[in-house]
There are 2 protein chains.
Amino acid sequence: MRTHFADSLDDLSCGLASMCGLTVTAMSEATAALLDADLRTAERVLDANTDLERAASDWEHKSFSLLALQAPVAHDLRFTVGGLHIAASLQRMGALAVHIAKIARLRHPTSAVPPEARAVVADMGRTAVARATETQVILRHVDSAHAQELVAADTVMDELHRRLFTVTQAQQWPHGVQAAVDITLLGRFYERFCDHTVEIGRRIIFLETGRLPARPDALLP
Amino acid sequence: MRTHFADSLDDLSCGLASMCGLTVTAMSEATAALLDADLRTAERVLDANTDLERAASDWEHKSFSLLALQAPVAHDLRFTVGGLHIAASLQRMGALAVHIAKIARLRHPTSAVPPEARAVVADMGRTAVARATETQVILRHVDSAHAQELVAADTVMDELHRRLFTVTQAQQWPHGVQAAVDITLLGRFYERFCDHTVEIGRRIIFLETGRLPARPDALLP
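Note that the structure is predicted; figures quoted are calculated from it, not measured.

### Re the overall build of chain A
Now for step 1: Along the backbone of chain A there are 7 helices and 0 strands.
Now for step 2: For chain A, the sequential pattern of α-helices and β-strands runs α-α-α-α-α-α-α.
Now for step 3: Computed over the C-alpha atoms, the radius of gyration of chain A is 19 Å, within 12% of the 17 Å expected from 2.2 N^0.38 for a compact globule of 221 residues.
Now for step 4: The dimensions of chain A, computed from C-alpha atoms along their principal axes, are 65 × 35 × 25 Å.
Now for step 5: Out of the 221 residues in chain A, the part that is buried amounts to 57%.
Now for step 6: Long-range contacts, defined here as pairs at least 24 residues apart, represent 84% of the contacts in chain A between residues at least 6 apart.
Now for step 7: If you sum the accessible surface of chain A, you get close to 9200 Å²; carbon and sulfur atoms cover 55% of it.

Now the structure itself:
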């Protein structure tokens, strides 16, 4: 019974890692669609999100069955319950990539990102993809030591977000209110995407140690 | 044992309703702080959020103990697991009220809301408070029939959000980029707050019926 349960947990952790892989692709393509004003790529991000939604729903169903049929305790219970939070964060990460793709689609054939903001947005996209890629590895190996690094590494995106904000507030911003509004929302979407990787890191630490670490200062409400 | 468990479930549902009450106060005060540029009220919202965070952490601890010690099944399991999602949404609602209070504080002694946007923002605040108040009642009575109404009622906030967007995009917007950026973020915070009440409605329906209803179109990513 225990061995069967261990297999089931391994299944669940694979499922989370594979959903996380979908968010890596979604964020990478959403950023490309945004910077290159590429409508087909934007549409692909929107379509692909149904796969993530379906995977999350299947995952939740499986973990619910495990809880009902096997009544896990201690680590196994923490894993099953913590996984529900993680699956919710992954769904939200997919939705945020979709929001970015939708702004790309809305402004097509123009890019929503004016030249002054391009470098920072590209960096935000790279950071988000890198963070989600690390998260995927950590989920696959349920690795709380590396999860600790994920929780601590949040300052890069915050700094980029501050720089992006400064760009739109510059006296010489010539692109008007609409472009500034787009950039504000984009900055928020990238930042929230990374916030969720930190949340996942915290949950991984909890399920390995039984202790949910405090949110880093930057994430305090 | 079952009676004891029923008491525990009642306890859990009271706990969720009482957390929801904290979000009602937070959103009501955050909106007042914003419209009146009232620094003391803004600070109070920030302070009060630690109560919500503590309540959510206690709630999660209790529901985890229930899962570990009583291994609930069927409705009781759905309740305990669904409650974890609901507690997460309530925490997020509190954080969104805090974000609004922080914008009020940042722009003090000026109001972050220019006269042209005042009526719409006031309406958004009222709608958010009304929706959270309904949510509190639904949580107290675990009432899936009324939860259905909550899930269906999402169009009002969407319409307000669209109106707010139109205000900032008007040719004659005289308040510059910074004010438009503030208004954009505020609109997003109010909308996300209401999105979470819809998510809670969906979870209540799930825990009563075992069926998680689709998200309304407006909430599709």
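### With respect to the packing of helix H4 (residues 115–141) of chain B against helix H5 (residues 144–152) of chain B
Any two packed helices are characterised by the angle at which their axes cross and by the distance between the axes.
Residue and element names in this part refer to chain B.
Now for step 1: It is the contact of H4 with H5, at a shortest axis distance of 9 Å, that shows an interaxial angle of 160 degrees. Judged by the angle between their axes, H4 and H5 are roughly antiparallel. Considering how the two elements wind past one another, H4 and H5 form a crossing that is left-handed. On the side of H4, the interface is formed by Arg131, Glu134, Thr135 and Ile138, while H5 contributes His146, Ala147 and Leu150.

### Regarding the relation of the copies chain A and chain B
Now for step 1: Between chain A and chain B, which share one sequence, the superposing operator has a rotation angle of 180 degrees and an axial displacement of 0.0 Å; the RMSD is 0.0 Å. What the superposition gives is, in effect, a two-fold axis relating one chain to the other.
Now for step 2: Interface overlap between copies: 100% of the residues of chain A at the interface are likewise at the interface in chain B, consistent with a symmetric, same-surface contact.

### A closer look at the interface of chain A and chain B
Now for step 1: Contact with chain A, which involves 40 residues of that partner, is made by 40 residues of chain B.
Now for step 2: For the pair chain A and chain B, the two sides together bury roughly 3200 Å², of which 65% comes from carbon and sulfur.
Now for step 3: The partner of Glu60(A) in a salt bridge is Arg203(B), with the nearest N and O atoms 2.7 Å apart.
Now for step 4: Viewed at the interface, chain B and chain A are joined by 2 residue pairs in polar contact (both at pLDDT 80 or more).
Now for step 5: Its residues assigned to classes, the side of chain A that touches chain B comprises 21 nonpolar, 9 polar and 10 charged.

### Focus: the state of the cysteines
Chemically, a disulfide is nothing more than a covalent bond linking the sulfur atoms of two cysteines.
All names here are of chain A.
Now for step 1: By the definition in use, this model includes 0 disulfides over all chains.
Now for step 2: Cys194 provides the cysteine sulfur closest to Cys20, a residue in no disulfide bond, and the two sulfurs are 11 Å apart.
Now for step 3: Since its relative accessible area comes to 0%, Cys20 is described here as buried.

### What to know about the environment of Asp47(B)
Residue and element names in this part refer to chain B.
Now for step 1: If you trace the backbone, Asp47 turns up in helix H2 (residues 39–70).
Now for step 2: Classification of Asp47 as exposed rests on a relative accessible area of 54%.
Now for step 3: For the pair Asp47 and Val98, spaced 51 residues apart in sequence, the C-alpha separation works out to 9.2 Å.

### Here's the deal with the pattern of salt bridges
Residues and elements named next belong to chain A.
Now for step 1: For the coordinates displayed, the defined rule picks out 26 salt bridges over all chains.
Now for step 2: For Lys62, the salt bridge is made with Asp11, and the minimal N-O distance between the two is 3.7 Å. Of this pair, Lys62 sits in helix H2 (residues 39–70) while Asp11 sits in helix H1 (residues 2–36), placing them 51 residues apart in sequence.

### Here we look at the UniProt feature "domain: PhoU" (unreviewed entry) in chain A
Now for step 1: UniProt marks residues 17–103 and 122–204 of chain A with the feature "domain: PhoU" (unreviewed entry), using the numbering shown here.
Now for step 2: The span residues 122–204 of chain A is 88% helix and 0% strand, and its two end C-alpha atoms sit 29 Å from each other.

What counts and what doesn't
- Residues numbered from 1 in each chain as written.
- Chains lettered and ligands numbered in written order.
- Predicted model: local features only at pLDDT ≥ 70, side-chain atom pairs only at ≥ 80, totals over all residues.
- Heavy atoms only, no water.
- Helix = DSSP H or I, 4+ residues; strand = E, 2+ residues; numbered from the N terminus.
- Rg over C-alpha atoms; globule rule 2.2 N^0.38 Å.
- Buried < 20%, exposed > 50% of the residue type's maximum accessible area, 1.4 Å probe, protein only.
- Contact = heavy atoms within 4.5 Å.
- Areas by Shrake-Rupley, 256 points an atom, 1.4 Å probe, with all protein chains shown as cover.
- Axes fitted to C-alpha atoms, helices over the stretch in contact; angles between N-to-C directions.
- Parallel < 35°, antiparallel > 145°, perpendicular 65-115°, else oblique.
- Left-handed = near helix turned anticlockwise from the far one by under 90°.
- Least-squares fit on C-alpha atoms with pLDDT ≥ 70 in both.
- Buried area = accessible area lost by both parts, 1.4 Å probe.
- Salt bridge = Lys/Arg side-chain N within 4 Å of Asp/Glu carboxyl O.
- Polar contact = N/O pair within 3.5 Å; in protein donor to acceptor, adjacent residues only side chain to side chain.
- Nonpolar A, V, L, I, M, F, W, Y, C, P; charged D, E, K, R; others polar.
- Disulfide = S-S within 2.5 Å.
- UniProt positions renumbered as here; feature names shortened; annotations may be inferred.

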